[in-house]
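Descriptive analysis of the structure
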Protein chains: 2
Amino acid sequence: MFAVFGIRAGETASSPPDGNASPIYGVVLPADYRNWQVVSVAHEAGSLNDLRVILGNDVAMKAFRDHTLPFPDGSIIARIAWKYEASARNDAIFGRQQSFVAGDPTNVQISVKDSKRYAASGGWGYGQFENGKANPGRPLMQTCFACHTKLPAADDFVFTTYSP
Amino acid sequence: MFAVFGIRAGETASSPPDGNASPIYGVVLPADYRNWQVVSVAHEAGSLNDLRVILGNDVAMKAFRDHTLPFPDGSIIARIAWKYEASARNDAIFGRQQSFVAGDPTNVQISVKDSKRYAASGGWGYGQFENGKANPGRPLMQTCFACHTKLPAADDFVFTTYSP
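All figures in this text were calculated on a predicted structure; none of them were measured in a lab. (Residues numbered from 1 in each chain as written. Chains lettered and ligands numbered in written order. Predicted model: local features only at pLDDT ≥ 70, side-chain atom pairs only at ≥ 80, totals over all residues. Heavy atoms only, no water.)

1. Thoughts on the packing of aromatic side chains
- Within this structure, the stated rule accounts for 14 aromatic pairs over all chains.
- Ring geometry for Phe94(A) and Phe159(B): centres 5.5 Å apart, planes at 35 degrees, overall tilted. A residue pair is termed interchain when its members come from two chains, as with Phe94(A) in helix α3 (residues 88-94) and Phe159(B) in the segment after α4 (138-148).
- The buried category is assigned to Phe159(B), whose relative accessible area is 16%.
- Here the aromatic cluster, defined as three or more aromatic residues joined through ring pairs, consists of Tyr25(A), Tyr118(A) and Tyr126(A). (Phe/Tyr/Trp six-rings, centres within 6.5 Å; stacked < 30°, edge-to-face > 60°. Helix = DSSP H or I, 4+ residues; strand = E, 2+ residues; numbered from the N terminus. Buried < 20%, exposed > 50% of the residue type's maximum accessible area, 1.4 Å probe, protein only.)

Structure, rendered in C-alpha cells:
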C-alpha cells in the first residue's frame, strides 16, 4: 500500500504545468543537466547499441568523488545516450577501422535521490526523456528499479562509479 | 624558420616552474579541466581500445554549440580516455554481454587555440598528460598536428562536433 500511495503522490506533487514528468515517479528533466560534470562513460552494445555519458549535479558529484554511499537526498544523476556509429571519416584518417562516435541522441535518463518520497524504490525516482519529453510508458518506468535493485545493496542501486 | 621560432618561444613562455608543459607547444594541464562540460563521447577500438569523453572550456563550449569555426582564441578542448573494459557485473544483471565501461585512465590530451602563438600548427597547441604529468616525448607531440591536419580545413583541425 505504501508503494502505491507514494507513487501517486509523486505524480501529483511534481508534475509541471505541461505534464512533462515521468509516470510513477513524477521526475522531470532538470533544466541544466547537459552542463553537469562527468561521472563516467560507457558503451552498451546489443540492442541498445549506444555510447553514453553519466553526469551528476553538484550534490551527486561530491558524493561520487567522496565515495559517499548511500547518496544524499538531492543527488541527481543524468545518463545521456547517443547511437553508436562508426566514423568513416576518422577511420580514413587513422588508416584503420577503429573509431566509433556519438550519432543521434536516443534518450536521457534521470535518477533522483529522495529517500522519503521514493522509499518504495530504494530512495530513487526515475524518468526517461526523448527530445526533452518524458516517456509516458508506465511499464518502461517499472523496469528501472526492477533492474537497479539487482545491484549489491552497498552500491545504493547505482551502476556507475566515478572515473578520475 | 617561423615554426621553429614559434615552438621554442612557446616552450619558454609558458612552462610552469615544475616544467610540466608539453614539448614543442608548452601546453599545460588546465587545473579545472575535469569539471568542464561535455562536447561528446567516443570509442576508439584497435590498439587504443579506449572510451573517451571530449570536454571544453567555456569559450570552446560556446563555439561548439554556436557552430563557430574557426574556434576563437582561448578555446581549450580536453580529451580524457579510459581503458575500454567489459563489465562482468553489468552483463550478469542484463543477462547478456553488452556492457563496456571505463577502466583505468590512459591519458588526457589538451588542445589550446591561440592563432598567433600556434600559427605554425593551424592555431592549435597540443599536450598529452599521464597521471597529471606532461608526456615528454617530442616525437609524440609531432604526431598531433600531423594527424589533425588531415581533417577538412573547414573543421578547424578538430575531430569532434557537439552532441546535443
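Further notes follow.
2. Focus on helix α4 (residues 138-148) of chain A
All names here are of chain A.
- Three or more residues of α4 are buried, namely Met141, Cys144, Phe145 and His148. Seen end-on, α4 carries its buried residues on one side only, within an arc spanning 75 degrees.
- Looking at the packing, one finds that the buried side of α4 touches β5 (124-130). (Arc of directions from axis to C-beta. Contact = heavy atoms within 4.5 Å.)

3. Topic: unusual backbone geometry
- For the bond from Leu69(A) to Pro70(A), the omega torsion is 0 degrees, close enough to zero to count as cis.
- In this fold, Pro70(A) is placed in the loop between α2 (58-66) and β3 (76-86).
- The backbone of Phe157(A) shows a phi angle near 65 degrees, a positive value even though the residue is not glycine.
- With respect to the element layout, Phe157(A) can be found in the segment after α4.
- In this structure, His67(B) takes a positive phi of about 55 degrees despite not being glycine.
- Tracing the backbone through its elements, the reader meets His67(B) in the loop between α2 (58-66) and β3 (76-86).

4. Comments concerning the environment of Gly132(B)
All names here are of chain B.
- By secondary structure assignment, the location of Gly132 is in the loop between β5 (124-130) and β6 (133-134).
- In sequence terms Gly132 and Val108 are 24 residues apart; their C-alpha atoms lie 8.1 Å from each other.
- With residues up to four places along the chain from it excluded, the contact list for Gly132 reads Asn20 and Leu29.

5. Examining the interface of chain A and chain B
- Taken together, the 39 residues of chain A in the interface contact 39 residues of chain B.
- Summed over both partners, the interface of chain A with chain B buries about 3,300 Å², with 55% contributed by carbon and sulfur atoms.
- Area buried by chain A at its contact with chain B is led by Arg34(A), Val41(A) and Ile93(A), which between them contribute 19% of it.
- Across the pair Asp155(A) and Arg89(B) runs a salt bridge whose closest N-O atoms are separated by 3.4 Å.
- At the boundary of chain A with chain B, the tally comes to 24 residue pairs in polar contact (both at pLDDT 80 or more).
- Looking at the side of chain A that touches chain B residue by residue, the classes come out as 23 nonpolar, nine polar and seven charged. (Buried area = accessible area lost by both parts, 1.4 Å probe. Salt bridge = Lys/Arg side-chain N within 4 Å of Asp/Glu carboxyl O. Polar contact = N/O pair within 3.5 Å; in protein donor to acceptor, adjacent residues only side chain to side chain. Nonpolar A, V, L, I, M, F, W, Y, C, P; charged D, E, K, R; others polar.)

6. Things to note about α2(B)
Residue and element names in this part refer to chain B.
- Taken together, the buried positions of α2 are Ala60, Met61, Ala63 and Phe64. Mapping the buried residues of α2 onto a view down its axis gives an arc of 165 degrees, with all of them on the same face. Looking at α2, the residues exposed on the side facing more than 90 degrees away from the buried face are Asp58 and Lys62.
- Buried positions along α2 lie against β1 (37-44), β2 (50-56) and β3.
- Phi turns positive, to about 55 degrees, at His67, one or two residues after α2.

7. Some remarks on the relation of the copies chain A and chain B
- The transform that puts chain A on chain B rotates by 180 degrees and translates by 0.0 Å along the axis, for an RMSD of 0.0 Å. The transformation just described matches what one would write down for a two-fold rotation axis. No C-alpha of chain A approaches the rotation axis more nearly than that of Gln37(A), which lies at 3.1 Å.
- When you check the interface residues of chain A against chain B, 100% turn up at the interface there too, and the contact is symmetric in its surfaces. (Least-squares fit on C-alpha atoms with pLDDT ≥ 70 in both.)

8. Observations concerning the pairing of β2(B)
Residue and element names in this part refer to chain B.
- With seven of its seven residues buried, β2 lies for the most part within the structure.
- Where burial is concerned, the two faces of β2 agree: the one with Asp50, Arg52, Ile54 and Gly56 and the one with Leu51, Val53 and Leu55 are both buried.
- Judged from the seven bridges that link them, β1 and β2 form a sheet pairing that is antiparallel. Note that in β2 the partner of Val38 across the bridge is Leu55.
- Count of turn residues in the β1/β2 antiparallel hairpin: five residues, of which Gly46 carries a positive phi of about 65 degrees. (Pairing = 2+ DSSP bridges.)

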